[in-house]
Amino acid sequence: MTETVRKPRGRLFFANPGPTNIPDSILHAVAHPSIDYNSADFMAVYQNCVAGMKRLLKTRQDVIFYTGSGHAAWEASLVNLFSAGDLLLVPEIGIFSQGWGKMARDLGLRTRILESDWRHGADIAAVRAALAADTAHAIKAVCAVHNETSTGVMLHPADIRAALDDTGHPALLLVDTISSLGSIDFRFDEWGVDCAVGGSQKGLMLPTGLAFTGVSAKALAAHAGSTLPKSYLHWSNMLSRPHRSFIGTAPTSLFYGLRESLRLLLEEEGLEHVFARHARLAEAVRGCVQRWSRNDGPQLFCTNPARCSGSVTAVLMPPGHDAEAVRRTALDRYNVALGTGLGALAGRVFRIGHMGDLNEPMILGTLAVVEMALRRNGVPHGAGGVEAAMEALAGG
Ligand SMILES: *Cc1c(COP(=O)(O)O)cnc(C)c1O
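As the structure is a prediction and not an experimental result, all values here were calculated from the model. (Residues numbered from 1 in each chain as written. Predicted model: local features only at pLDDT ≥ 70, side-chain atom pairs only at ≥ 80, totals over all residues. Heavy atoms only, no water.)

Observations regarding the state of the cysteines
Applying the stated rule across the entire model yields one disulfide. Covalently, Cys-302 is tied to Cys-308 through a disulfide, its sulfur atoms 2.3 Å apart. An S-S torsion of about -100 degrees defines the bridge between Cys-302 and Cys-308 as left-handed. Taken as a pair, Cys-302 and Cys-308 share a single burial class, namely buried. Residue Cys-288 stays outside any disulfide, its sulfur separated by 14 Å from that of Cys-308, the closest cysteine. On the basis of relative accessible area, Cys-288 is assigned to the buried category, the value being 0%. (Disulfide = S-S within 2.5 Å. Buried < 20%, exposed > 50% of the residue type's maximum accessible area, 1.4 Å probe, protein only.)

Encoded structure:
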């Protein structure tokens, strides 16, 4: 028997791990009339954004912007730094690290994939061993995903930096910060990162379409010797232009939005408070899922407490139960959008995004709806999940 589901009323609760909720003040800022992107008025806004992005990345080095989603910045990082046949070391911890490696191969690079248990995260000892064994320095870079959005398991870029330093290996350190920046602390200069890849629609709470890379002096030196074909994403072409970014028209309205996003993060709330809020909400979500996991219920995908993500939680369904059914119920009946299971995790995992513009009632509402969706789908689970989250958030 099929049940007719009425279209749910009220606001869509967006608990996707990207794109994320856009605060009203950013929506209003983005609604800006067209402006000459070379005008002094826009240049002032643009320079303000460049300075703010450097504060967010914690770098005094370069930031280059692209019109495109995160994938454009991935591609920029690869075509600007390498030459055909160059070897990259990729700790594979989920779908996004897998995707970055595949893109590298599509572009004519070689990859050495270091597999590990996705639920536990990167095997840093294996990274260190691979670097130590590479005495000829064939490995040109390590490509690390800071926050694996597909699994909710993180990697600490400082661990990779230490492996490079301890083995005296000169490889570049590339870090994907797409789902961490603006939610979880990231330190470009302190961690010796050479290229950090980011996008607009996750922690920055903007519409999709603006991507960027932080670029170190060492990366710029490597760029000078890189021969992979490139044009629209060519750093040298960009750096010689007034914005030091963009070939063609700059997406001006996104920069009005970015200026407001950076104001919210850096001035109004303050980065330390932003990170603490994300950590607090993430812990509440995990506390809830741990309760559900009793009675053979859904579990935290992340089994390594030191690496569980501050911005997304992947929930692993018990065998025989479909994650998509839970997700559909949450969306169709209660207007709550959850993240789907990606790639090999399709149907087995759903994801609760807790990055960006988010507070306690949004998280509690989302968790309550997931619990109702588990009930409606006959998924076994321990009682008291939402209460556990409330306890975590109310403190004491
Ligand atoms: C979302 C995401 C990407 C892809 O970014 P798009 O903006 O969708 O192209 C890459 N890496 C990570 C870690 C992500 O979360």
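Looking at the pairing of strand β8 (residues 172-176)
Of all five residues that make up β8, five are buried, and the element is covered over most of its length. Residue alternation in β8 divides its side chains into two sets, Leu-172, Leu-174 and Asp-176 and Leu-173 and Val-175, and both sets are buried. Pairing analysis gives five bridges linking strand β5 (residues 139-145) to β8, with the strands arranged parallel. The residue of β8 that forms the bridge with Val-142 is Leu-173. Of the strand pairs in this sheet, β8 and strand β9 (residues 195-199) are connected by three bridges, and their pairing is parallel. Across the sheet, the residue bridging to Asp-176 is Val-197, located in β9. (Helix = DSSP H or I, 4+ residues; strand = E, 2+ residues; numbered from the N terminus. Pairing = 2+ DSSP bridges.)

Description of the side chain of Thr-313
Of note, Thr-313 is situated in strand β12 (residues 312-316). Residue Thr-313 is classed as buried on the basis of its relative accessible area of 4%. Separated by 2.7 Å, the side chains of Thr-313 and His-354 make a polar contact. Residues within four places of Thr-313 in sequence aside, it is in contact with Val-285, Arg-286, Val-289, Leu-300, Phe-350, Arg-351, Ile-352 and His-354. (Polar contact = N/O pair within 3.5 Å; in protein donor to acceptor, adjacent residues only side chain to side chain. Contact = heavy atoms within 4.5 Å.)

Things to note about the site of the ligand
Taken together, 13 residues lie around the ligand, and Ser-69, His-71, Thr-149, Asp-176 and Lys-202 are the ones closest in. One nitrogen or oxygen atom from the side chain of Asp-176 is found 2.6 Å from a nitrogen atom belonging to the ligand. Contact with the protein chains covers 91% of the free accessible surface of the ligand, which is 380 Å². Among the elements that take part in the shell around the ligand, helix α3 (residues 70-79) stands out by supplying three residues, more than any other. In the shell around the ligand, the residues fall into four nonpolar, seven polar and two charged. (Near = heavy atom within 4 Å. Areas by Shrake-Rupley, 256 points an atom, 1.4 Å probe, with all protein chains shown as cover. Nonpolar A, V, L, I, M, F, W, Y, C, P; charged D, E, K, R; others polar.)

What about the domain arrangement of the protein chain?
What the domain assignment lists for the protein chain is domain 1 (24-267) and domain 2 (270-394). The gap between the C-alpha centroids of domain 1 and domain 2 is 28 Å. Every contact between the two is made by 31 residues of domain 1 and, on the other side, 28 residues of domain 2. With both sides pooled, the region where domain 1 packs onto domain 2 buries about 2300 Å², and carbon together with sulfur makes up 59% of that total. Put simply, domain 1 and domain 2 have one salt bridge between them. Linking Glu-272 and Lys-58 is a salt bridge whose minimum nitrogen-to-oxygen distance equals 3.9 Å. Scanning the region where domain 1 abuts domain 2 turns up 15 residue pairs in polar contact (both at pLDDT 80 or more). Mapped by element, the contributors of at least two residues to the side of domain 1 that touches domain 2 are α2 (40-57), α4 (95-106), β6 (147-148), β7 (153-154) and α9 (252-269). (Domains from an automatic or database assignment. Buried area = accessible area lost by both parts, 1.4 Å probe. Salt bridge = Lys/Arg side-chain N within 4 Å of Asp/Glu carboxyl O.)

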